[in-house]
Amino acid sequence: MKASFTRRRTALALGLTGAAGVAGAVVLGGALPHTGHRTPAGGPSAVSSAAVPSPGARGIGDPLMPLDGNGGYEVRHYTLDFDWRAPRTPFDASATISAAATQALSRFDLDFAGNTLHAVTVDGAPAAFVRDGDELVVTPAKPIPRGGAFTVRVAYTADPTQQRHRDDAIQDYGWMPTPDGTLIYAQPDGAKMVFPANDHPSLRARFTFRITTPPGLGAVANGRLVERVRRPDGHTRWTYDSEQPVAAQLVQMAIGRFTFVDSTGPRGLPVRDVVPGGMVDDTAAYRSLTTEHLAWLEQRLGPYPFGRYGVLVGDTDLPVALETQSLSVVPRDNLLGDRVDAERDLVHELTHHWTGDSVAVRRWSDLWLSEGHARYYERLYSDAHGGPDLESAMRAAYEQHDQWRHDDGAPAEPTGPTLFRNIRYDGSALVLYALRERVGAQTFERIERSWVTRFRGRAAGTRDFIALASEVAGHDLASFLTPWLYGAHTPPMPGHPDWRVDPVQD
C-alpha cells in the first residue's frame, strides 16, 4: 500500500490491549504459527484435553494487535451477501462462514465491529451471541468437537459509514464512500467493519461474494466474475469467486457506475480494469502500462502468483493506493498526473502481489518484508524509467535512518501507532539494498526469487527471510541483518564508506 509521503496505505490497531476480557476466554500469547495456521488455544496442552469443550482464544496473540484473529478454529470459506442500496445508506447483509474446529469449542469469537446484528446460527441452529468491543462472542447450542466442520451464519444490517483513522500512511480505512457507491479499505484490521472475520494477515480463506446492486450500478470483488443475474425489478446480483485464499485485509468489494476494461497480460493472463464512468479515457495511458509492469516484475520475481489482475480506479479523495488481492486500488488523481509518480504507485501495488499477498506476513512486526519489498522494486523500476536513481534514493534514506529508528522503531520493531511510518517503506527498502550490496546483485536476485517461490501461498516472517538469505548466499547472514532490522543505530552501508547518517533530533 502507498499513501501521501509513502503513497501507500493500511489501517488502525485500536487499543486492543486494553479491551475488556470475556470471562473464561484464553488469550494465546505465544509465537504465531509458522505458516499462519493456528495451534489449539492454550498451546500443546490443549491437545490432551481437546475432548473437554472450552472457549476459543479471543486473538491469536500478535504482540502489536493481540485481538486480531481468533483461536480454536480455522476458516475455510466465506460467503458474503450484500444487498446494496445507496451511499451511506444501511443495507441488509449476511456472512456465512465455513470453518473447522482446532479444539473442542464451547464458544468462539469473530472479529466484528459496529453494524446491527439480527441473528447468528451455527449449523442452522440459533446461537447465543454478545458483543465485547470488536469481538462477537458466539456460543453454539451444543459444543463443537475438535476437528469438526461447522457453519456460522451472521445476519446483520451493514453500516457503510463506518471508518476509522490512524496517524500514518493509512489515514482513513473501512468503508470509503464514492459519489455513487463505495470502496473497501480493510488494511490492516478494518475488515471487521465490513463483515465478521478471522482477521489477521497470516490467515486466509476462499471467498464467494454475492452483491446485489440497483439499476445502473455495477459491483466488483476479488477474483473472477462467475455470474451476473438481472432481476425483474432491475436490480442485478453479481457473484465473484476469489479463486484463491485471501486475507481479510486484502478483500475488495466495490460498487459504482463502472466500466470494465478487459485486456491480456503476459502468458495470456486476464487483466480487467474497473473504472468509474467518465474516467476511462483519462486514465487509459497509465493503466495500459500494466502488461509492461507485469513482465518487468516477472523477470525478477518469477511468474505472477494469481489467476488474474486489474486496477480499480478509486473515485475518492483519499490519496492512498492499496494492494487488494488481484485488483489493486489506485486513486484517480494518481492516474491523472505525472507518469513517474503514477508508475511508482502501480508498480508498488503490483509488487505486493508477490510480497504481502502471496507471501503473507506472519505477524505485524514482519510488515517490513511486505512494504520494504514493494518500495524497493518501485524505486528500482523508477530508476530505469525516468525517476530518481536508486542509489540517490537509498542514500537519502540512509541519512534519515537513525532519526526514523528513534521516532518509529527499527524496521522489524514497530509499535502499533508507528506500523505504517516511512521506516517500513524506504527504511525497509534500504535493508534490502544493504543486503544486495553485501552479497552482490546476482546472489541477491537468487534470494529474492527463492523467497517468493518457497513461501508462495504461505505466511512467513523475518526469521524465515534471514534463514533463506543465509542458505542461498552460502553463509550466515544473521549477524549482518540483525543490526539492520533491530538495532538502535544504522550500520555502515557496504560498499559506501562515505555515507553518513544525520544526527538524531529529539
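Numbers given to residues run from 1 along each chain, matching the order in which its sequence is written. For a predicted model such as this one, the threshold for reporting local features is a pLDDT of at least 70, and the threshold for listing and counting side-chain atom pairs is 80 or more; totals across whole chains, interfaces and linings nevertheless cover every residue. Side-chain measures here rest on the full set of heavy atoms in the structure, leaving out hydrogens and waters.

## Description of the overall build of the protein
What counts as a helix is a DSSP run of H or I of at least four residues, what counts as a strand is a run of E of at least two, and both are numbered from the N terminus. Each helix and strand in the protein was counted, giving ten helices and 26 strands. With the C-alpha coordinates aligned to their principal axes, the bounding extent of the protein is approximately 70 × 60 × 45 Å. Note on exposure labels: buried denotes an accessible area under 20% of the residue type's maximum, exposed denotes more than 50%, and partly exposed covers the range between, all computed with a 1.4 Å probe on protein chains only. In the protein, which comprises 506 residues, the share counted as buried stands at 63%. Taking contacts inside the protein between residues at least 6 apart in sequence as the whole, the part at least 24 apart equals 72%. What sets the accessible areas is the Shrake-Rupley method with a 1.4 Å probe; for residues, cover comes only from the shown protein chains. Summed over its atoms, the accessible surface of the protein is roughly 17800 Å², and 51% of this surface lies on carbon and sulfur atoms. In this tally, Asp and Glu contribute negative charge and Lys and Arg positive charge; neither His nor the terminal groups of the chain are included. Charge positions come from single atoms, namely NZ of Lys, CZ of Arg, CG of Asp or CD of Glu. The protein carries 51 positive and 60 negative side-chain charges, and their two centres are separated by 6 Å. Residues are treated as being in contact if the distance between any of their heavy atoms lies within 4.5 Å.

## Quick look at the nonpolar core
The biggest cluster of nonpolar side chains holds 77 residues, and the ones touching the most others in it are Phe 108, Phe 150, Phe 195 and Met 253. In terms of residue count, the dominant contributor to this core is strand β4 (residues 91–101) (six residues). Look past the residues within four positions of Phe 108 in its chain and what remains in contact with it is Tyr 73, Val 122, Leu 136, Val 137, Val 138, Pro 140, Ile 144, Phe 150 and Val 152. By size, the runner-up hydrophobic cluster in this structure holds 60 residues, among which are Val 275, Ala 412, Ala 434 and Val 472. Among the buried residues, those of types Ala, Val, Leu, Ile, Met, Phe, Trp, Tyr and Cys that are joined through side-chain atoms within 4.5 Å form a nonpolar core.

## Quick notes on the pairing of strand β6 (residues 116–122)
A pair of strands is treated as paired once DSSP finds two or more bridges between them. As paired strands, β6 and strand β10 (residues 149–158) are joined by six bridges and run antiparallel to one another. Pairing of Val 120 across the sheet is with Val 154, part of β10. Summarising the sheet, β6 and strand β7 (residues 125–126) pair through two bridges and their orientation is antiparallel. Bridging from a neighbouring strand, Val 122 pairs with Ala 125 of β7.

## Considerations on the sheet that holds strand β2 (residues 54–55)
Read across the open sheet, the four strands follow the order β2-β5-β9-β8; overall the sheet is mixed. Lying at the two open borders of the sheet, with one neighbouring strand each, are β2 and β8 (128–132). As paired elements, strand β5 (residues 105–111) and strand β9 (residues 135–139) share four bridges and run antiparallel to each other. Across the sheet, residue Phe 108 finds its bridge partner in β9, namely Val 138.

## Let's talk about the pattern of salt bridges
Where side chains of opposite charge bring their charged atoms close, a pairing between them can arise. The rule for a salt bridge is simple: a side-chain nitrogen of Lys or Arg has to be within 4 Å of a carboxyl oxygen of Asp or Glu. Inspection of every chain in the model, using the stated rule, returns 28 salt bridges. With its nearest N and O atoms 2.7 Å apart, the salt bridge here joins Arg 272 to Asp 262. In this pair, Arg 272 sits in strand β21 (residues 270–276) while Asp 262 sits in strand β20 (residues 258–264), placing the two residues ten residues apart along the sequence. The salt bridge involving Glu 471 is made with Arg 454; its shortest N-O contact spans 2.8 Å. A residue pair is termed long-range when its members are at least 10 positions apart, and Glu 471 in helix α9 (residues 462–473) and Arg 454 in helix α8 (residues 441–454) qualify at 17 residues.

## What about helix α4 (residues 339–351)?
Given the number of residues in a helix, its expected span is that number minus one, multiplied by 1.5 Å. Here α4 contains 13 residues, and its C-alpha end-to-end distance of 18 Å stays within 8% of the 18 Å for a straight helix at 1.5 Å per residue. Every buried residue belonging to α4 is among Val 340, Ala 342, Glu 343, Arg 344, Asp 345, Leu 346, Val 347, His 348, Glu 349, Leu 350 and Thr 351, and all of these are buried. Looking at where α4 begins, the residue whose side-chain oxygen comes 3.0 Å from the main-chain nitrogen of Val 340 is Asp 338. Polar contact is the term for a pair of N or O atoms within 3.5 Å; when the atoms are in protein, one must be able to donate a hydrogen and the other to accept it, and sequence-neighboring residues count only if both atoms are side-chain atoms.

## A few points about helix α3 (residues 290–301)
Relative to the 16 Å expected for twelve residues at 1.5 Å per residue, α3 spans 16 Å between its end C-alpha atoms, a close match to the ideal helical length. Against β21, α2 (280–287), β22 (311–314), α4, α5 (367–384) and α8 lie the buried residues of α3. Gly 302 sits one or two positions beyond α3 and adopts a positive phi of about 90°.

## Focus on unusual backbone geometry
Of note, the amide linkage connecting Gln 187 to Pro 188 takes the cis form, showing an omega dihedral of 0°. If you trace the backbone, Pro 188 turns up in the loop between β13 (182–185) and β14 (204–213). Backbone geometry at Asn 115 places phi at a positive 60°, although glycine is not the residue there. Tracing the chain through its elements places Asn 115 in the loop between β5 and β6. The residue Ser 326 is not glycine, and still its phi comes out positive at about 75°. Structurally, the position occupied by Ser 326 is in the loop between β23 (320–321) and β24 (328–331).

## Some points on the environment of Tyr 433
As for its position among the elements, Tyr 433 is in helix α7 (residues 426–439). With a relative accessible area of 1%, Tyr 433 lands in the buried category. Measuring from C-alpha to C-alpha, the distance between Tyr 433 and Thr 418 comes to 22 Å, with 15 residues separating the pair along the chain. Aside from chain neighbours lying at most four places away, what touches Tyr 433 is Tyr 376, Leu 390, Glu 391, Met 394, Met 493, His 496 and Trp 499. At 3.4 Å, the side chain of Tyr 433 and the side chain of His 496 are in polar contact.

## Looking at the pairing of β24
In regular strands, side chains alternate between the two faces of the sheet. Residues Ser 328 and Val 330 point to one face of β24 and Val 329 and Pro 331 to the other, with burial holding for every one of them. Of the pairings in the sheet, the one linking β22 to β24 comprises four bridges and is parallel in character. Across the sheet, the residue bridging to Leu 312 is Val 329, located in β24.

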